[in-house]
Amino acid sequence: MTYISAYQYYENGGNPPENANWGSYQYVSLEDIVTNFQLMYAGNHSLVNNEERYKILFHAKRGIQELNYDAFKEIKILELDVCNNLRFVLPPDYVNWVRIQVFRNGLLYPLTENIQTNYSDAYLQDHDCRILFDQDGNVLKPQYSDLDFERITSGLKSIYLNKNSIFYGYEGWCCDGYWYFDYAIGARFGLNTETANANPTFSIDRKGGVINFSSGMANEKCILEYVSDGMENGNDSLVTVNKLFEDYIYAYIEYAILSSKVGVQEYIVNRVRKKKASLLRNAKIRISNIHPGRLLMNLRGRDKWIK
Amino acid sequence: MINSVRNTVLAILNKNNYGYISPQDFNLYAKQAQLDLFEDYFYQYNYQVNKENARQSGTGYADIKKGYEEVIDLFSVFLPLNFVASQFYNMPSVATTASDYYFINKVLFSPSQAAGGGVLATDFVEVEKVTHKKINLLRSSLLTSPNDIYPAYTTEGDLLTVFGPTGLVQNSIWCQYIRYPRDPQWTYTTLTGGEPVFNQSNPSFQDFELPLDDEYNLVSKILQFAGMSIREVTAVQFGGQLESLENQEEK
C-alpha cells in the first residue's frame, strides 16, 4: 500500500465514497503482510525457506482471524428491527456477540442472555407419537415448535416488574400489553434472578443463525455489537491488520510454519514461539491504550460516596 | 571465444598426431560441453548458498554466489506468454518466445491488462506454481483459493493453466525464465591447404554464451568428447584431469 496525499485521504481524490481512506493509516494490508514476510523472513538465508506462498497466506489469515476474535477490539455494530417473530438474523460476518441492547426512547438498554432454553426444533408426530415423514423419507417439521410458539405469542410466564404494583415480582403472562396472574393463594418462592429483568432477554441459536428474544422485544430496535473474523467476505484486498500487531503477525506466520516443518530444531521453534508470545503481549498492552490521562478519570471515582 | 577454444582443442589433439576433429564434430561436442557447464551453474549456485549458510563465504570480491547469479541472469528472458484461450497459455518455446526454457523463475499476472488498461510494470502480481496434487485442494480452500491478488498456475505439457484471475488476454501473463544457451556454431567458408578458415560473418555463426573464464572448462570437456571420438585414452584422461583440477581449485 503506497502513501497517499492528504486530498486522497480526506476526500478520496474527489471520488465516492469520500470516507474510503479515513483511518487507513492505522492498518497494514494483507497484501503487504504477505509480501513483506516473503521479502524479509523467507529465503535462502532465513529460517523459513522453500515455502509456498499459499502457506504464508493461510497462516497470515489465520493469525488475523485469531486477532479479530479478541485482541483487536474492533467491534462491529448493527441495528435491526425485531418483528413479531422475535427473531434477529445474525449478520453474515458474525462470529461472536459482545453486547446486545434495545434502543428505546432514545436510550440503550443492555439485554441479558437467557441461558435457559427458549427455542426448539420440532418434528410432526401422529397420535401414537410416531414421527411423520414425507415421501422422500425426510422428517416433517412444523413452522414453530410449541416452545417457540408460546414465546412468540407471549404464552410463557415471566416476572412482572413494577414497584408501584401489588403484583410486583409475581409470575404472570403478558398478552397484548396486559398482564394476567394466577389467583394469589399461598406464597410464591424461588424468584429466578437470571430472568428477573425489566428488559427482554435473549438466547442465541448459533447453528440456526438467529437471536431469539423474549416476548417483550417485539417491534423494538435491537443493537447488536459483535466481532467478525476480519476476512471481509473473502475480499483479500480489504483484509487489514492494525499496525500495532504487524510484528506479531510476522512472528505468528514464522512460528506456524517452523513448528509444522520437519527437521527444524526444537530450540528454534521455542525461540520463535517466545517471540510470538511476547509480541502479542506487547501489542495487547499497546492497543489497550493505558496511559495516565485515562487512569486519572477512572481514579477520580474513588472518593465518590456510594449511596 | 569459440575459435580460440577450437584452436586450443585442435592443438592438444594434434600433438604427436593424435588426431583431428571436423567442424561438424566440434560443434556437436561444443554444444554438449556448453550445456554441461550451463547446468552445472545451478548446482554451483546452490553449493554457494549452502556455503553462505554455513558461514564459509565472504562478501565483496569473495562473494562467489553473486558471480553465478550474474552468469545465470545472462540467460534470463522476460516476455509475455502466448495466449491460447480462456485461462491457458503456451509455455515458453522457440515457436512462441524464440527460446526454450530451462527454468521458469516466475510467472506474473498483469491485472491492468486483464482489465483492458494495458500493461503497467508497477502492478504485476506473481502467479504461484502449484503442483497438480495440491491445485484442487487449493481451489476449494476458503482461505487460500486463487484470486486476482494470489493467482496460481499449473503446467501440462506445453500449456500453462492460470487459476484465479478472469478476463485473461494476450499480455496478461508474463514469464521470467532462464533459457537454454544457443547452440555454438564454429563456421567457415573455404578450405585453405585442407584446413577450413574461420568465418565469423556467416549468418549461422554462434559463439559460446558462457563467460570467458569458462574457456578452460570448455576446452577440457570438448577434449574428453573428442578423445573418445578418436579413441585416444590419453586425451580423455587429460581432459578429465583438467576438469577435476579446476573443480578443486574452485572449492
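Here, every reference points to the structure presented above.
**Examining the overall build of chain B**
Then, number 1: When helices and strands are tallied, chain B shows 8 helices and 10 strands.
Then, number 2: Relative to the 2.2 N^0.38 estimate, which gives 18 Å for 251 residues, the radius of gyration of chain B is 23 Å and therefore markedly larger than a compact globule would have.
Then, number 3: Projected onto the principal axes, the alpha-carbon positions of chain B cover approximately 75 × 50 × 35 Å.
Then, number 4: Counting only carbon and sulfur atoms, one obtains 52% of the accessible surface of chain B, whose full area is about 13,400 Å².
Then, number 5: Considering chain B, the positive charge centre built from 17 side chains and the negative charge centre built from 28 side chains are found 5 Å apart.

**A few points about the overall build of chain A**
Then, number 1: Assigned secondary structure in chain A consists of 7 helices and 13 strands.
Then, number 2: Against the compact-globule benchmark of 19 Å for 307 residues, chain A has a radius of gyration of 27 Å, which places it well outside the compact range.
Then, number 3: Carbon and sulfur atoms make up 51% of the accessible area of chain A, which totals about 20,000 Å².

**Focus on unusual backbone geometry**
Residue and element names in this part refer to chain A.
Then, number 1: Cis rather than trans, the peptide bond between P16 and P17 has omega equal to -5°.
Then, number 2: Turning to its location among the elements, P17 is positioned in the loop between α1 (6–11) and β1 (27–29).
Then, number 3: Look at N105: it is not a glycine, yet its phi comes out positive at around 55°.
Then, number 4: Assignment of secondary structure puts N105 in the loop between β4 (96–104) and β5 (107–110).
Then, number 5: Although it is not a glycine, N289 sits at a positive phi angle of roughly 60°.
Then, number 6: Relative to the elements of secondary structure, N289 occurs in the loop between α6 (266–288) and α7 (292–299).

**What about the interface of chain B and chain A?**
Then, number 1: Each partner contributes residues to the interface: chain B has 17 residues there, and chain A has 16 residues.
Then, number 2: Across the interface of chain B and chain A, roughly 1,500 Å² is buried in total on both sides, 57% from carbon and sulfur atoms.
Then, number 3: Per-residue buried area on chain B facing chain A is highest for E128, L143 and Y150 of chain B; these three make up 47% of the total on that side.
Then, number 4: Scanning the region where chain B abuts chain A turns up 1 salt bridge.
Then, number 5: Connecting chain B to chain A are 10 residue pairs in polar contact (both at pLDDT 80 or more).
Then, number 6: Secondary-structure elements contributing two or more residues to the side of chain B that touches chain A are α2 (23–53), β5 (125–129) and α6 (132–140) of chain B.
Then, number 7: A breakdown of the residues in the side of chain B that touches chain A according to their chemical character gives 9 nonpolar, 3 polar and 5 charged.

**Remarks on the sheet that holds strand β6 (residues 152–156) of chain B**
Adjacent strands of a sheet form backbone hydrogen bonds with each other and so pair up, either parallel or antiparallel.
Residues and elements named next belong to chain B.
Then, number 1: Spatially, 8 strands are ordered β1-β8-β4-β5-β6-β7-β3-β2 in an open sheet, and the strand pairing comes out mixed. Among the strands making up the open sheet, the edge pair consists of β1 (76–80) and β2 (83–85). Strand-to-strand twist across the sheet, computed as the mean angle between neighbouring axes with direction ignored, equals 35°.
Then, number 2: Relative to β6, β5 runs parallel, the two sharing 2 bridges. When the sheet's bridge partners are listed, E128 is paired in β6 with A152.

**Thoughts on a nonpolar patch on the surface**
Residue and element names in this part refer to chain A.
Then, number 1: Where nonpolar side chains cluster on the molecular surface, the patch consists of I75, I77 and V98 and spans about 260 Å² of accessible area.
Then, number 2: By the secondary structure assignment, I77 is in strand β2 (residues 76–82).
Then, number 3: With relative accessibility at 58%, the residue I77 sits in the exposed group.

**Remarks on the packing of aromatic side chains**
Then, number 1: Inspection of the entire model under this criterion finds 27 aromatic pairs over all chains.
Then, number 2: Measuring from centroid to centroid gives 5.5 Å for W186 of chain B and F198 of chain B, while their planes differ by 20°, and the two rings are stacked. A residue pair is termed long-range when its members are at least 10 positions apart, and W186 of chain B in the loop between β8 (173–179) and β9 (188–192) and F198 of chain B in strand β10 (residues 195–198) qualify at 12 residues.
Then, number 3: F198 of chain B sits in the partly exposed class, given a relative accessible area of 24%.
Then, number 4: Through a chain of ring-to-ring contacts, three or more aromatic side chains come together here, namely F38, F42, F75, Y102, F103 and Y180 of chain B.
Then, number 5: In this arrangement the basic side chain of K243 of chain A is found over the ring face of Y25 of chain A, its NZ or CZ atom lying 3.5 Å from the centre.

**Concerning the sheet that holds strand β10 (residues 201–205) of chain A**
Residue and element names in this part refer to chain A.
Then, number 1: Across the sheet, 4 strands lie side by side as β3-β11-β10-β6; this open sheet has mixed pairing. Looking at which strands have only one partner, the edges of the open sheet turn out to be β3 (87–89) and β6 (112–113).
Then, number 2: Pairing analysis gives 2 bridges linking β6 to β10, with the strands arranged parallel. Residue E113 lies in a different strand from β10, and its bridge partner there is F202.

**Some thoughts on helix α1 (residues 2–14) of chain B**
Think of an α-helix as turning once every 3.6 residues; residues three or four places apart then point the same way.
Residue and element names in this part refer to chain B.
Then, number 1: Taking 1.5 Å per residue, 13 residues should reach 18 Å; α1 reaches 18 Å between its end C-alpha atoms and fits that length.
Then, number 2: All of the buried residues along α1 are I2, V5, R6, V9, L10 and L13. Down the axis, α1 shows its buried residues gathered within 125° of arc, on one side only.

**Focus on the pairing of strand β12 (residues 220–227) of chain A**
Residues and elements named next belong to chain A.
Then, number 1: Judged by how many residues are buried, β12 sits mostly within the fold: 7 of 8 residues are covered.
Then, number 2: With 7 bridges joining them, β2 and β12 adopt antiparallel strand pairing. By the bridge assignment for β12, V82 is matched with E220.
Then, number 3: Note that β4 and β12 share 7 bridges and pair antiparallel. Bridge assignment links N96 to a residue of β12, and that residue is V227.

**Details of α2 of chain B**
Then, number 1: Over its 31 residues, α2 of chain B extends 45 Å from the first C-alpha to the last, a length consistent with the 45 Å expected when each residue adds 1.5 Å.
Then, number 2: Positive phi shows up at R55 of chain B, right after α2 of chain B, with a value of about 55°.

**Observations regarding the pairing of β10 of chain A**
Residues and elements named next belong to chain A.
Then, number 1: Counting buried residues along β10, 5 of its 5 residues qualify, which places the element largely inside the surrounding structure.
Then, number 2: Alternating residues of β10 divide into T201, S203 and D205 and F202 and I204, and every residue in both groups is buried.
Then, number 3: For β10 and strand β11 (residues 210–213), the ladder comprises 4 bridges, and the chain directions are antiparallel. Bridge pairing links I204 to I211 in β11.

Thresholds applied
Residues numbered from 1 in each chain as written. Chains lettered and ligands numbered in written order. Predicted model: local features only at pLDDT ≥ 70, side-chain atom pairs only at ≥ 80, totals over all residues. Heavy atoms only, no water. Helix = DSSP H or I, 4+ residues; strand = E, 2+ residues; numbered from the N terminus. Rg over C-alpha atoms; globule rule 2.2 N^0.38 Å. Areas by Shrake-Rupley, 256 points an atom, 1.4 Å probe, with all protein chains shown as cover. Lys, Arg positive; Asp, Glu negative; His and termini not counted. Charge placed at Lys NZ, Arg CZ, Asp CG, Glu CD. Contact = heavy atoms within 4.5 Å. Buried area = accessible area lost by both parts, 1.4 Å probe. Salt bridge = Lys/Arg side-chain N within 4 Å of Asp/Glu carboxyl O. Polar contact = N/O pair within 3.5 Å; in protein donor to acceptor, adjacent residues only side chain to side chain. Nonpolar A, V, L, I, M, F, W, Y, C, P; charged D, E, K, R; others polar. Pairing = 2+ DSSP bridges. Axes fitted to C-alpha atoms, helices over the stretch in contact; angles between N-to-C directions. Patch = residues over 30% accessible without salt bridge, like charges linked within 9 Å, V, L, I, M, F, W, Y side chains within 5 Å. Buried < 20%, exposed > 50% of the residue type's maximum accessible area, 1.4 Å probe, protein only. Phe/Tyr/Trp six-rings, centres within 6.5 Å; stacked < 30°, edge-to-face > 60°. Lys NZ or Arg CZ within 6 Å of the ring centre and 35° of its normal. Expected span 1.5 Å × (residues − 1). Arc of directions from axis to C-beta.

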